[in-house]
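For reference, the chains in residue letters:
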Amino acid sequence: MRIMSITKRVTKELLRDKRTLALMFLAPMFILFLMKLVFSVNSTTSVNIATVNVQSGLVSDLDKVSHIDTHKYSLSKANDALKNGTVDAVVRYKNSEYYVTYANTDASKTNATKAALKSSIIVNNMGQLKRSLLRFQSQVPQVPEKTSKSGAIKIHNKYLYGDKDTNFFDKIVPILMGFFVFFFVFLISGMALLNERTSGTLYRLLATPVKRSEIVFGYMLSYGFLAILQTLIIVLFTIWALNVEVVGSVFYVILINFVLALVALAFGILMSTFAKSEFQMMQFIPLVVIPQIFFSGIIPMDSMAQGVKFISYILPMKYAGDALTGVVMNGYSIGQIIIPILVLLLFLVVLTILNIVGLRKYRKV
Amino acid sequence: MNDISVITLNNVVKRFGKQTVLNHVNMQIYPGQIVGLIGPSGAGKSTIIKIILGMELADEGSTNVFGKQMPNRRLLGRIGYMAQSDALYESLSGRENLQFYADMKGLNKRSSDMQIMHVAQVVDLTSSLDKRVNGYSGGMKRRLSLAIAMLGNNDILILDEPTVGVDPALRRSIWAELKKLRNQGKTIMVTTHVMDEAELVDEVALLLGGRIIAYSDPYSLKQYYQVNSIEEVFLKAEAINNAYNVNY
Ligand SMILES: Nc1ncnc2c1ncn2[C@@H]1O[C@H](COP(=O)(O)OP(=O)(O)O)[C@@H](O)[C@H]1O
Ligand SMILES: [Mg+2]
């Protein structure tokens with residue numbers, strides 16, 4: 001039962017280190033809160049719109065708007081395209097009214113679609129403009145929430161994800177949750193093992209009949225437990241305090257973060273063997289941690305060059321980011337996140353073996 | 001000395017880069033003895049200990065403990081080790097440190113409780129056992145470190161400079177305890193660079209220039225070199241060793 005004793009000891013040390021605890025639990029909340037304030041302003045991107053039964057005059061007007069591409073679809077094909085992410089919105093014309101469904105996974109795209117549609121309809125209906133404006137003004141108080149009017153033509157808005165208040169912050173939140181878990185577990189576990197080495201306790205520990213694997217597993221249990229706590233707090237905070245909607249199961253979110261935390265732990269322990277001091281450990285942040293942000297999906301992947309995109313496949317954060325985004329925004333089921341989770345587990349197994357072998361540096365059996 | 005040696009170093013050579021720290025070291029340690037490994041700082045005392053424990057591998061030669069080739073993880077259960085640095089978990093209490101290492105040594109709950117009480121008494125820490133180590137003085141840390149080494153069913157105790165920073169009264173009680181353990185049949189290896197402590201051991205091994213240049217009981221050593229203290233033995237041996245090296 002050496003593993004449990006090591007787990008108990010590592011956990012005790014962690015719980016008594018108030019500053020580290022604050023770093024793990026309060027810092028993510030603080031940063032998430034700040035980001036919500038900062039990123040609630042939206043950016044522009046290129047948008048694909050599916051049109052169903054829309055008159056060609058309006059379609060060509062829409063196409064002329066910069067950053068907008070239109071594609072003609074049948075209704076069922078359009079809805080499929082929307083679900084699998086090929087298009088960002090479906091515009092359907094029926095009974096002289098427009099029915100628009102937005103994927104809304106990227107709020108800036110939703111806003112761009114709205115603006116483009118509005119202006120195109122206005123251009124298209126120049127003739128009706130004057131009359132309708134008068135009527136529009138007099139009718140404002142009665143306009144229902146989900147419906148807006150452009151030149152007497154009704155537009156019904158529907159959102160696959162979230163609502164009209166969804167923005168960039170909501171899009172990066174799932175990835176941020178994962179990133180915080182990765183970053184703090186990486187740093188703190190790396191420091192902890194480094195500290196065991198520099199204080200000499202690691203050598204003393206290895207002078208007992210303990211197995212190298214027992215040390216690694218003991219650490220894993222302890223940090224896994226901590227990661228579950230941290231994930232719970234971050235998830236609850238984002239849901240309750242920041243009003244972010246989790247479409248899928250919260251349990252999957254915790255599962256993904258748990259596996260990610262173990263990968264981060266194994267990674268932290270591995271990197272700590274290359275560091276001689278805490279400062280050198282910090283120097284790994286720009287090398288190891290920052291690239292994870294770039295390729296985690298916070299910056300849209302489709303805007304990257306093919307070769308650069310390839311790098312993302314060797315970074316654990318990419319898989320965690322994909323799975324988390326899927327669960328939080330699209331309600332992915334276990335079948336849809338199993339591949340990224342398996343890839344993360346593969347990372348975990350490889351890193352763990354490397355760690356167990358790596359401890360040989362300090363004891364030759 | 002008809003007993004079979006418990007620790008045997010056979011022609012051990014250890015290099016760090018270009019520096020040869022141990023140059024064909026031979027040593028046999030027999031059971032029920034306190035062996036003092038004496039040498040100036042940097043002589044390679046800690047390196048010998050790390051090779052015996054299997055933390056370092058010798059570049060040449062072999063090391064046996066209880067007749068088995070080191071490194072060997074299981075044998076570590078029968079060796080108590082006190083490192084040169086205190087190496088304690090600072091945020092844990094003295095008791096928690098002891099409990100942790102008792103678990104690592106594979107003691108069950110009952111015998112670990114008993115042993116913790118006993119070793120705490122030996123190093124006179126019973127009253128501060130529930131205080132956190134970061135509140136301990138330097139001497140208290142050293143004592144806790146020694147207490148940890150004494151945990152378990154050890155046949156061998158290996159202590160790397162155990163009495164550095166310990167006040168004279170406590171030093172005396174530590175040596176008394178070591179003698180008691182020796183009389184129970186345990187084998188104890190102590191390194192020190194404090195020469196007067198060398199008078200207290202059964203066998204002195206002088207480590208100089210990567211070699212054991214003398215290995216005998218203190219009395220015979222003093223007779224052989226015709227001096228009155230181990231310190232003088234050391235100085236004389238060093239001079240002869242240097243002269244030999246120059247001639248060579
Ligand atoms: N891991 C290591 N890497 C490089 N040199 C080392 C290492 N460990 C010890 N040394 C060198 O070996 C020599 C002997 O060290 P050590 O055994 O600690 O001496 P002592 O314990 O007698 O003071 C010293 O010169 C030290 O610098
Ligand atoms: Mg030393």
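Participant: Could you give an account of the sheet that holds strand E6 (residues 79-82) of chain B, with specific residues and numbers?
Facilitator: Residue and element names in this part refer to chain B. Strands sit in the order E6-E7-E8-E3-E9-E10 across an open sheet of 6 strands; the sheet is mixed. A single partner strand is all that each edge strand has here, and the edge strands are E6 and strand E10 (211-216). On average, each strand axis in the sheet is tilted by 15° relative to the strand beside it, whichever way the strands run. For strand E3 (residues 34-38) and strand E8 (residues 187-192), the ladder comprises 5 bridges, and the chain directions are parallel. What sits directly across from leucine 37, in E8, is threonine 191.

Participant: Break down the packing of aromatic side chains for me, citing the residues and quoting the values.
Facilitator: For the structure on display, the rule yields 18 aromatic pairs over all chains. Over the face of the ring belonging to A:Tyr102 we find A:Lys114, whose NZ or CZ atom lies 5.6 Å from the ring centre. Across the ring face of B:Phe66, the terminal group of B:Arg78 is positioned such that the distance to the ring centre comes to 3.7 Å.

Participant: Lay out the interface of chain B and chain A with the relevant residues and their values.
Facilitator: How big an interface is tends to be stated in terms of the accessible area lost upon association of its parts. Each partner contributes to the interface: chain B provides 32 residues, whereas chain A provides 24 residues. Summing both sides of the interface, chain B and chain A together bury roughly 2,500 Å²; the carbon and sulfur share of this comes to 62%. For chain B, the biggest contributors to the area lost against chain A are B:Met55, B:Arg73 and B:Met104; these three give 29% of the whole. Our count for the contact surface shared by chain B and chain A stands at 2 salt bridges. With its nearest N and O atoms 2.8 Å apart, the salt bridge here joins B:Glu96 to A:Arg16. Joining chain B to chain A, the criterion identifies 12 residue pairs in polar contact (both at pLDDT 80 or more). Mapped by element, the contributors of at least two residues to the side of chain B that touches chain A are E6, helix H2 (94-104) and helix H4 (138-150) of chain B. The element that contributes the greatest number of residues to the side of chain B that touches chain A is H2(B), accounting for 5 residues. Here the residues of the side of chain B that touches chain A sort into 17 nonpolar, 8 polar and 7 charged.

Quick notes on the rules
- Residues numbered from 1 in each chain as written.
- Chains lettered and ligands numbered in written order.
- Predicted model: local features only at pLDDT ≥ 70, side-chain atom pairs only at ≥ 80, totals over all residues.
- Heavy atoms only, no water.
- Pairing = 2+ DSSP bridges.
- Helix = DSSP H or I, 4+ residues; strand = E, 2+ residues; numbered from the N terminus.
- Axes fitted to C-alpha atoms, helices over the stretch in contact; angles between N-to-C directions.
- Phe/Tyr/Trp six-rings, centres within 6.5 Å; stacked < 30°, edge-to-face > 60°.
- Lys NZ or Arg CZ within 6 Å of the ring centre and 35° of its normal.
- Contact = heavy atoms within 4.5 Å.
- Buried area = accessible area lost by both parts, 1.4 Å probe.
- Salt bridge = Lys/Arg side-chain N within 4 Å of Asp/Glu carboxyl O.
- Polar contact = N/O pair within 3.5 Å; in protein donor to acceptor, adjacent residues only side chain to side chain.
- Nonpolar A, V, L, I, M, F, W, Y, C, P; charged D, E, K, R; others polar.

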